[in-house]
Amino acid sequence: MFMTLGLLCSNVRAQPSAVDPIEVIVAAPPPPPSGAHTTLLAHEAAQTAGSQGDAAKAVQSLPGVARASGEGEPVVWGSSPHETGLFLDRVALPMLFHGSGLRSIVPTSLLSTVRLTPGAYGVEFGRYTGGVLELKTLDDVPVSATLVAAADALDASASLAAPTSPSSGARLGARYGYVDRWLPEVLGEDVAQLYTVPSYWDAHAIIHLDLESGDRAKIVLLTAHDRAQRGNAWAQYAERNATTRLYGTYEHVSVSSSGFTSRTVVTPSIGYDRTTDATSNYDTESSARLSSTSLGLRVETTLNWGRGPVQSAERKLDATALQRLEPTSFQLNAGLDARAETTHARHRGSLTVPPREGDAQVFGLPPGRDYVADDIGVERAAVAPYAELDLVWASVRITSGLRFETMLTELGRVLPSITNLPDTGASRYASAWLPRLGVEFAASRRVTWFGALSRHVQPPEPRDLGTLVGNPTLHPSEATHLTIGDTTKLSRTLSVQVLGFRKWLTHLATRSQAPNPQPGRLLADGGRGDVWGSQLFVQLRPTSGFSGWLGVTISQSRRRAYDGTWRRFDYDQPLSGTLVVNQSFGAWSLGSRLRVASGFPRPAVTTTYYDLQLGRYVPMISATAWWRLPAFVAFDVRAERRFALGAGGSAHVYVEVLNATNHENAEEVAYSSDYGARTLLRGLPLLAFVGVRTEL
Amino acid sequence: MTHRRGPHTSHARALLAPRLASLFVGLPSGCSATAPENLTRVMQGRVLAVVAEPPEVRPGEAARLRAVLAWPIGSTAATFGVDAWHLCSEPRIPGSHGTAPSSCLTTATTPLASDALETTALLPTDACRNFGPDPPPGGFRPQDPDVTGGYYQPIRLDAFGQYWFHFQRLHCPLGNAPTDAAAEFSSTYAANQNPTPSQLTVNGVEFAFDDALFVRELSLADAPFELSLIWHADPRETYPRFNPASRSVEVARETVSVTWLSNAGEVSFEEPNFVSEPNRQAVATWAPGGDVTHAALWSIVRDSRGAAVALRLDAIRP
């Protein structure tokens, strides 16, 4: 919207923690989305109570994000976690968190901003039918050597930022989680085998180059690894994740005397991901492994006219920036988003592992007896040119964009292997025109109406293309997003946004319900989804050290299988609300967070039978009857004290109390062995964290 | 480690973990699973197993099926029986969560003539097509095997007001395998046998295990009972198994597990109670309690290819 035009200036040459306004060159940044989005400065996000100093984790407190469950990956506006794109400097990441949603894989010291667009995102992004979460790394060359060391109950980290020349610098850092070392000792053997206690580590390196020509370059390496293992004499579970990204950005900016500004950014990238999940016991064993190597290339050019080149670092998040635009201006954003990847997915065991969204199952249900071995090789290339024109004329802003998504998929096998015959592979090509239209109207100096309509596609998951566990002919899923709302600016720092949203999802992959489907057609792409809701977002930008936001989302998300039956989306939360309040004074920083959310829907057990071979009861679960866990309420508080050290250094000590009221929240339901009784599993009790961070 | 937690709870807890993992920081006093259930105590009438002779048959062949029932304290064997036996006629939907076809809970069944505890099941000639590796007419997807490569005819028992499923192992030819693998499998595969123990010892007294459904009477005056099932030869048969990943035949070995249950007192045994070399035995201690006059203990021995044998000891106060 107009009022947020200044939010995303990318060439901020200031330390993120700068307090004083610093004049910087703003070189025609890409236009921010004209729909709903929320941007947080990383160092502010890290102060959010409940984030444990992790800026990316603050995403869980943003409006439109359902309360995290499972591995903590964001559920945005009724979309599955894998339907929301996670980007680090516009390079796709496979996951946001280390296993168990404990820590994000991107350290806060690396980040400048976190921006969430829960729907109707811009044409510069694609291949996701949910929202987009963008993490942006720091751009500035370090002006002096800074060593940051931090430790808390979960992990310890160290990072070093230093200039290597007047025009170049580097940032290095690493983090090591040790929670797996002490937690089992504290909790005892029984709890240790009940819960995943992950071990993890990550490391990063950034090289910054400010070239004489005024161009800038940055090379980023991020690698994150985690694993978890638990078990007892009956069952064992192991999980392992690894992801690595190596990419560079080269940025060229030119400003003409006629008022035109152009900015071109080239981002080549290489990525490697590997995940393994394995469960076994005496009568079943299942494992799913996926490894992927990807190459990416993004070229983005932004040309604008009539948009002032000078902004201040603070003003980037100042909603009054709109009024500082020229009354008439335009911006053209064009680019190419290309990605190639080769993926090998390996499945062993029951078709029910891993579970799919929508599977009728209950907590603790063992995998099925069936054993399937499927090796899936997928090579995929996607190229998407796009262009978006952003026009401002008087009180109206129109953002119209078009993305042409082309996807080529090479499959090594399209039907199950047949005895003594070579496998038959196939090439599949799909393309889609993906338009996006955003309109804003400044009804008054304080009130802006906005709306956005967009279309998106997402290729099927590689493992869904297996001939024995999936369907090699799956069509990309499609989505149409609509948002309509207004933003009212009550003061320079206080704004209120009210919006409604709708998502229509089609071609979703669902399980076939046929006892004997055709070979290679275990999944069908006839699933549909429907999401609608409204959202209130009241944001107070820092004023006299006081800041915060209130986000309330009311929504409904449901899915329809290809047989026509509608059901609740697994993560459906009709109500979720978050109130975040932060106050800084002197060396102190205090924060609190109140979260309220509907309980997750759970299917109902209608009857049971006893499997005499496995020696256990098996529930019959209704596909349509369901109930909800009780509502979730939690209040978290955080206090941080800064101590000055010599030579400009500082030490920060923080205490964070999660669930300060010790409210007993139901996180899941466990059934008795005959499924005749159920017990709610309680979640987080009152728990205090202490952490220390020093900057030298 | 000796405890009385059965596989249900342990397995369930292990599988609970992924969804609760994000909460582990709050574990010290917050997350608590349900208390372990005493699954070794028979509190109501139950079917514990079906003993099949033979445990693996070809389509068109018959198997004699005997239900092993358990009852709570105060009841007797004569009180209970199986109301009906049904052959399921439709396969399970691939990827569905259950182990039995949901259609078999309603109408897709063929009744079997039976008495209260036994029946003879004549396996349908198309069993390998409905429940095995043979593609159904039209080239549809065949059913998936279990981890042992086995396929099963589901058989429903109606007893005690609920459904119980026995899975009768089918001897089917290898489906969709290379010719040499199919030939090797066919020439080396031997039908599964019941893992019948050689003898039972009770407080040092030996009993020959003379039937796959073994019943003896004990005196409560001799309690507690130190029980030991002993095999003179390794009951864990080896068998050829087709590896669908390598598309070759490999030699696998069964696992054999033993479960103990009683309707009075406590049974203590080590879990999981797998039979292994070189001991080839399963031991348990049963203390029926001093205030009972008639108690029963059951032991079920299962192998991983679907065969089961059962033992029942009736302890009576003289």
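Quantities reported herein were computed from a predicted structural model and do not represent experimental measurements.

For the rest of this paragraph, the subject is the packing of aromatic side chains. Applying the stated criterion across every chain, the model contains 17 aromatic pairs over all chains. A ring pair is formed by Y610(A) and W164(B), whose centres lie 5.3 Å apart and whose planes are at 55 degrees; its orientation type is tilted. With Y610(A) in strand β30 (residues 601-611) and W164(B) in strand β9 (residues 162-170), this pair bridges two chains. Using a relative accessible area of 0% as the deciding quantity, one classes W164(B) as buried. Ring centres of F160(B) and W164(B) lie 6.3 Å apart, and the angle between their planes is 80 degrees; this geometry places the pair in the edge-to-face category.

The next point concerns the pairing of strand β9 (residues 146-152) of chain A. Residue and element names in this part refer to chain A. Pairing of β9 with strand β10 (residues 155-165), which is carried by six bridges, proceeds in the antiparallel orientation. Paired with A149 across the bridge in β10 is A158. Hairpin connection from β9 to β10: two residues lie between these consecutive antiparallel strands. Note that β9 and strand β36 (residues 687-695) share five bridges and pair antiparallel. What sits directly across from V148, in β36, is E695.

Turning to the state of the cysteines, a few remarks are in order. Residue and element names in this part refer to chain B. Under the counting rule described, the total for this entry stands at two disulfides over all chains. Two residues share a disulfide in this structure: C88 and C104, whose sulfurs sit 1.9 Å from each other. Residues C88 and C104 are joined through a disulfide that is left-handed, its torsion about the S-S bond being -85 degrees. Placement of the pair is C88 in strand β5 (residues 84-88) and C104 in the loop between β5 and β6 (109-112), with a sequence separation of 16 residues. Covalent S-S linkage joins C128 and C172, the inter-sulfur distance amounting to 1.9 Å. Judged by the sign of its S-S torsion, about -95 degrees, the bond between C128 and C172 is left-handed. One end of the pair, C128, is in helix α2 (residues 127-130); the other, C172, is in the loop between β9 and α3 (179-188), and 44 residues separate them in sequence. The exposure class of C128 is buried, given its relative accessible area of 3%. The exposure class of C172 is buried, given its relative accessible area of 8%.

Glancing now at unusual backbone geometry. Cis geometry is found at the peptide bond from V353(A) to P354(A), where omega equals -5 degrees. Mapped onto the elements, P354(A) comes out in the loop between β18 (328-349) and β19 (372-393). A cis amide bond links A223(B) to the next residue, P224(B), at an omega of 0 degrees. With phi around 55 degrees, R247(B) is a residue other than glycine that occupies positive phi space. With respect to the helices and strands, the residue R247(B) is situated in the loop between β14 (238-243) and β15 (248-253). With a phi close to 50 degrees, R280(B) is a non-glycine residue in the positive phi region.

Let's shift gears to the sheet that holds strand β8 (residues 132-137) of chain A. Across a sheet, strands are paired by hydrogen bonds formed along the backbone, either parallel or antiparallel in direction. Residues and elements named next belong to chain A. Ordered by their spatial adjacency, five strands build an open sheet running β2-β7-β8-β5-β6, and the pairing between neighbours is mixed. Two strands close off the open sheet at either side, each with one partner strand: β2 (38-41) and β6 (91-93). Shown here is a sheet whose adjacent strand axes are inclined to one another by a mean of 25 degrees, direction ignored. Of the strand pairs in this sheet, strand β5 (residues 85-88) and β8 are connected by four bridges, and their pairing is parallel. Residue pairing in the sheet places L88 in a bridge with L135 of β8.

Along the chain, T409(A) falls in strand β20 (residues 396-411). If we skip the residues at most four places from it in the chain, T409(A) touches V378(A), E379(A), R380(A), A426(A), S427(A), R428(A) and L465(A).

Counting residues in hydrophobic clusters, the biggest one holds 46 residues, and the most contacted among them are L65(B), W85(B), I155(B), L157(B), W164(B) and F165(B). With five residues, the single largest contributor to this core is strand β31 (residues 616-628) of chain A. For L157(B), the residues in contact, after removing those within four places along its chain, are L612(A), V47(B), V50(B), A67(B), V82(B), A84(B), W85(B), Q162(B), Y163(B), W164(B) and H166(B).

With that settled, the discussion passes to the pattern of salt bridges. Residue and element names in this part refer to chain A. According to the stated counting rule, one finds 54 salt bridges over all chains in the structure shown. R103 serves as the salt-bridge partner of D152, at 2.5 Å between the closest nitrogen and oxygen. Of this pair, D152 sits in strand β9 while R103 sits in the loop between β6 and β7 (111-117), and the two are 49 residues apart along the sequence. By the burial criterion, D152 is buried, and R103 matches it.

Residue and element names in this part refer to chain B. Here three strands make up an open sheet; going across it, the order is β2-β4-β7 and the pairing antiparallel. Looking along the sheet, the strands with just one partner apiece sit at the ends: β2 (46-53) and β7 (118-122). Between one strand axis and the next, the sheet turns through 30 degrees on average, direction left out of account. When strand β4 (residues 62-70) meets β7, the two strands line up antiparallel, connected through five bridges. Opposite A63, over in β7, you have A121 as the bridge partner.

Further remarks concern a nonpolar patch on the surface. Residue and element names in this part refer to chain A. There is a patch of nonpolar side chains on the surface, built from I207, L209, L211, I219, L221, L246, Y250, I270 and L295 and spanning about 720 Å² of accessible area. When contributions to the nonpolar patch are tallied by element, the ones reaching two or more residues are β12 (199-210), β13 (216-231) and β14 (235-255). Counting through the fold element by element, I270 comes out in strand β15 (residues 260-281).

With that settled, consider the environment of D570(A). Residues and elements named next belong to chain A. Assignment of secondary structure puts D570 in the loop between β27 (566-568) and β28 (575-585). What makes D570 partly exposed here is its relative accessible area of 27%. Taking C-alpha positions, D570 is 37 Å from G173, a pair spaced 397 residues apart along the chain. A polar contact of 2.8 Å, which involves the side chain of D570, links it to the backbone nitrogen of G358.

The next subject is the confidence of the model for chain A. All names here are of chain A. When pLDDT is averaged across chain A, the result is 84; 88% of the residues are at 70 or more. Every residue in residues 1-31 scores below 50 in pLDDT, and together they form 115 contacts with partners more than four places removed in sequence or on other chains. Contacts of residues 308-325 to residues separated by more than four positions or lying in other chains number 47 contacts, the stretch itself having pLDDT below 50.

Residue and element names in this part refer to chain B. Among the secondary structure elements, P178 is positioned in the loop between β9 and α3. Taking relative accessible area as the criterion, P178 reaches 15% and is therefore assigned buried. Taking the C-alpha atoms as reference, P178 lies 54 Å from A264; in sequence the two are 86 residues apart.

Cut-offs and rules
Residues numbered from 1 in each chain as written. Chains lettered and ligands numbered in written order. Predicted model: local features only at pLDDT ≥ 70, side-chain atom pairs only at ≥ 80, totals over all residues. Heavy atoms only, no water. Phe/Tyr/Trp six-rings, centres within 6.5 Å; stacked < 30°, edge-to-face > 60°. Helix = DSSP H or I, 4+ residues; strand = E, 2+ residues; numbered from the N terminus. Buried < 20%, exposed > 50% of the residue type's maximum accessible area, 1.4 Å probe, protein only. Pairing = 2+ DSSP bridges. Disulfide = S-S within 2.5 Å. Axes fitted to C-alpha atoms, helices over the stretch in contact; angles between N-to-C directions. Contact = heavy atoms within 4.5 Å. Core = buried A, V, L, I, M, F, W, Y, C linked by side-chain atoms within 4.5 Å. Salt bridge = Lys/Arg side-chain N within 4 Å of Asp/Glu carboxyl O. Patch = residues over 30% accessible without salt bridge, like charges linked within 9 Å, V, L, I, M, F, W, Y side chains within 5 Å. Areas by Shrake-Rupley, 256 points an atom, 1.4 Å probe, with all protein chains shown as cover. Polar contact = N/O pair within 3.5 Å; in protein donor to acceptor, adjacent residues only side chain to side chain. pLDDT = per-residue confidence, 0-100.

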